[in-house]
Amino acid sequence: MTTERVIEAFEVRKNYAGGTEGAGLNGFDLEVSAGTVTGLLGPNGAGKTTAVRILATLLRMDSGEVRIAGYDVSRDGAEVRRRIGLVGQYAAVDEVLTGRQNLVMFGRLNHLGHPKAVSRADELLERFGLTESAALPASKYSGGMRRRLDLAASLIVAPSVLFVDEPTTGLDPGGRAEVWAAVRELVKQGTTVLLTTQYLDEADQLADRISMLKAGKVVAEGTPDDLKSQLGADWLDLVLTATTDVPRVLQLVGRLADGEIHTDELKVSIPVKDRTRALIEVATLLQEAKIEPADITLRRPTLDEVFLHLTGKEASV
Ligand SMILES: Nc1ncnc2c1ncn2[C@@H]1O[C@H](COP(=O)(O)OP(=O)(O)O)[C@@H](O)[C@H]1O
Ligand SMILES: [Mg+2]
């Protein structure tokens, strides 16, 4: 297995003139190996788009170093651009043109001859499940279809690195699933993908490695499993019917907690390691004590809790 680094970013800094203090990038580091998907995960305003635009040579950094496929973005921008594709946060397709016409146009813009542009368009429509809607204007496409058309357009010239900025923001669950399938399709073909997202589950589904970005800096990095074990436990939330039961419940469930129990009026949140066992044991303990909870639920940590856990600060939104 190759460990060739396709993206290398060191200590990248970017301050927007007139922007808010601390906005932009504040010592951003990233390493991405060939043939992998890396998720750049962070809340709105964390600096994801700024990072992608710098990596893609669309924006100049103030200081730092970035190499894409070994080429320095500041010195060899043209070489970098020859090897990358970018799917932006906002769909770049032309509404009036059909799906096929859009792809043919992108092919022509990328200097393919007409017959070659048409055959490439048809190949990509097929690959992204758009053959049946190829003759419809893009304005008739659903959000998920549009994003797939965007992904297809970015692959016209088969880049070795593809940047995908928030591909599913604003899509419904069906649309998200379609886009996830399309990204998996890319990866099968060996494209290296850097994907930005606000959603922990999306990074978890698609990424081999995740870098968590907060206020322009990577605060944690690793495989989804690495990060989850850093995040620690799942949560078991109990909602009781009387505040007078709270002390009793804390006493009963104390030994099951893997970390500090949080209480908020009628709600008791218990960090737990073994989800199913904890659920059964808590239910049994409550039943034996004849305490009937109004609600009992298991949940994964939220993105906010992840940030809270890693940084001791609320994620800024
Ligand atoms: N052109 C700009 N001028 C001033 N501030 C900007 C500009 N673009 C982004 N910012 C600020 O930089 C921070 C990071 O933005 P961005 O990279 O778009 O974050 P994300 O993509 O993670 O939501 C935000 O605080 C944003 O307001
Ligand atoms: Mg963004």
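Chains are numbered independently. Their residues run from 1 in the order of the written sequence. Written order determines the labels here, with chains lettered from A and ligands numbered from 1. Restriction of local features to residues with pLDDT of at least 70 applies here, the model being predicted, together with a cutoff of 80 or more for giving and counting side-chain atom pairs; totals for whole chains, interfaces and linings are based on all residues. Side-chain numbers come from the whole structure's heavy atoms, not from hydrogens or water.

Relative accessible area decides the class of each residue, using a 1.4 Å probe on protein chains only: under 20% of the type maximum gives buried, over 50% gives exposed, and in between gives partly exposed. Where helices and strands are cited, they refer to DSSP runs of H or I of at least four residues and of E of at least two residues respectively, numbered from the N terminus. Most of helix H1 (residues 48-55) is tucked away: 6 of the 8 residues are buried. If you check which residues of H1 are buried, you get Lys48, Thr50, Ala51, Val52, Ile54 and Leu55. Positive backbone phi, at 65 degrees, marks Thr57, one or two positions downstream of H1.

All right, on to the side chain of Thr197 then. Mapped onto the elements of the fold, Thr197 is located in strand E8 (residues 192-197). The term polar contact refers here to a pair of N or O atoms within 3.5 Å; inside protein, the definition further demands a hydrogen-donor-capable atom paired with an acceptor-capable atom, and it admits residues adjacent in sequence only when both atoms are side-chain atoms. Side chain to side chain, Thr197 and Glu202 meet in a polar contact 3.1 Å long. Here a residue-residue contact requires only that any non-hydrogen atoms of the pair lie within 4.5 Å. Excluding residues that lie within four positions of it along the chain, Thr197 makes contacts with Leu40, Leu41, Gly42, Lys48, Glu202 and Ala203.

Here we take up the packing of helix H5 (residues 143-154) against helix H6 (residues 173-188). Each pair of packed helices can be described by the angle between their axes along with the distance between the axes. Fitting a line to C-alpha atoms yields each axis, with helices limited to the stretch in contact; the angle taken between N-to-C directions then spans 0 to 180 degrees. Packing of H5 against H6 leaves a shortest axis separation of 8 Å and a crossing angle of 20 degrees. Considered as vectors, H5 and H6 are oriented roughly parallel to each other. Seen from above, H5 lies across H6 with right-handed handedness. Contact with H5, carried on its side by Gly144, Met145, Arg147, Arg148 and Leu151, involves Gly175, Glu178, Val179, Ala182, Val183 and Leu186 of H6 and no other residues of that element. Residue polarity follows a fixed list, in which Ala, Val, Leu, Ile, Met, Phe, Trp, Tyr, Cys and Pro are nonpolar, Asp, Glu, Lys and Arg are charged, and the others, Gly among them, are polar. In the contact of H5 with H6, the residues fall into 6 nonpolar, 2 polar and 3 charged. Oblique is the label for any angle not under 35 degrees, not over 145, and not in the 65 to 115 range, which are roughly parallel, roughly antiparallel and roughly perpendicular in turn. Handedness of each helix crossing follows the sense of rotation of the near helix against the far helix: counterclockwise by less than a right angle gives left-handed, clockwise gives right-handed.

The strand order across the open sheet built from 4 strands is E12-E13-E11-E14, with neighbouring strands paired in antiparallel fashion. A single partner strand is all that each edge strand has here, and the edge strands are strand E12 (262-264) and strand E14 (295-299). Taken over all neighbouring pairs, the strand axes of this sheet differ in orientation by 15 degrees on average, direction set aside. At least two DSSP bridges between two strands are required for those strands to pair. Here E12 runs beside strand E13 (residues 267-272); their pairing, made up of 3 bridges, is antiparallel. Across the sheet, the residue bridging to Asp264 is Lys267, located in E13. Packed on one face of the sheet, helix H9 (residues 246-253) meets strand E11 (234-239), E12 and E13 and runs near 10 degrees to E13. Seen against the sheet, helix H10 (residues 275-288) touches E11, E13 and E14 and runs at an angle of roughly 20 degrees to E11.

Moving on, we get to the sheet that holds E8. One open sheet holds the 6 strands; their spatial order is E6-E7-E8-E3-E9-E10, and the pairing between them is mixed. The open sheet terminates on both sides in strands that have one partner only, identified here as strand E6 (84-87) and strand E10 (217-222). Neighbour to neighbour, the strand axes of the sheet diverge by 15 degrees on average, direction disregarded. When strand E9 (residues 209-214) meets E10, the two strands line up antiparallel, connected through 5 bridges. Bridge pairing in E10 links Leu213 to Val218. The sheet contacts of H1 involve strand E3 (37-41), E6, strand E7 (161-165), E8 and E9, and relative to E8 the element is tilted by about 155 degrees.

Let us look at the layout of surface pockets. Points on a 1 Å grid, built from protein atoms alone, make a cavity when a 1.4 Å probe fits but cannot get out and make a pocket when they are open with protein on both sides within 12 Å along at least 5 of 7 lines; residues with an atom within 4 Å of a point are the lining residues. Grid points are joined across faces, edges and corners, and a volume is the space filled by probe spheres set on the points. Taken as a whole, the largest pocket spans an internal volume of roughly 420 Å³. What lines the largest pocket is a set of 16 residues, among which Ile84, Gly85, Leu86, Val87 and Ser154 lie closest to the centre. Residues belonging to the lining of the largest pocket are distributed by class as follows: 10 nonpolar, 4 polar and 2 charged.

Any residue with a heavy atom positioned within 4 Å of a molecule or strand is treated as near that molecule or strand. Close to ligand 1 lie Tyr16, Gly19, Ala23, Gly24, Pro43, Asn44, Gly45, Ala46, Gly47, Lys48, Thr49 and Thr50, which account for all nearby residues. A distance of 3.3 Å separates an oxygen atom of ligand 1 from a polar atom in the side chain of Asn44. Protein contacts shield 64% of the accessible area of ligand 1, which totals 570 Å² for the unbound molecule. Considered class by class, the residues forming the shell around ligand 1 number 4 nonpolar, 7 polar and 1 charged. Surface accessibility in these figures is a Shrake-Rupley result with a 1.4 Å probe; residues are shielded only by whichever protein chains are displayed.

As a further point, take the domain arrangement of the protein. Segment limits for the domains were obtained from an automatic or database-derived domain assignment. The assigned domain composition of the protein is domain 1 (5-93 + 141-229) and domain 2 (233-300). Look at where the C-alpha atoms of domain 1 and domain 2 centre, and you get two points 39 Å apart.

A few words on the pattern of salt bridges. The term salt bridge refers to a pairing of a side-chain nitrogen on Lys or Arg with a carboxyl oxygen on Asp or Glu at a separation within 4 Å. Following the criterion strictly, the structure yields 21 salt bridges and no others. We note a salt bridge from Arg5 to Glu31, for which the minimum N-O separation is 2.7 Å. Taken together, the positions of Arg5 in strand E1 (residues 5-14) and Glu31 in strand E2 (residues 25-33) put the pair 26 residues apart, joining distant regions of the chain. What makes Arg5 partly exposed here is its relative accessible area of 34%.

Turning next to the nonpolar core. Formed by 41 residues in total, the largest nonpolar core has its most connected members in Leu103, Phe128 and Leu151. Not counting residues within four places of it along the chain, the set of residues in contact with Leu151 comprises Val87, Phe128, Leu162, Val164, Val179, Ala182, Val183 and Leu186. We call a set of buried residues a nonpolar core when its members are Ala, Val, Leu, Ile, Met, Phe, Trp, Tyr or Cys and they connect through side-chain atoms within 4.5 Å of each other. Residues Leu25, Ala46, Leu194 and Leu213 belong to the second largest nonpolar core, which totals 27 residues.

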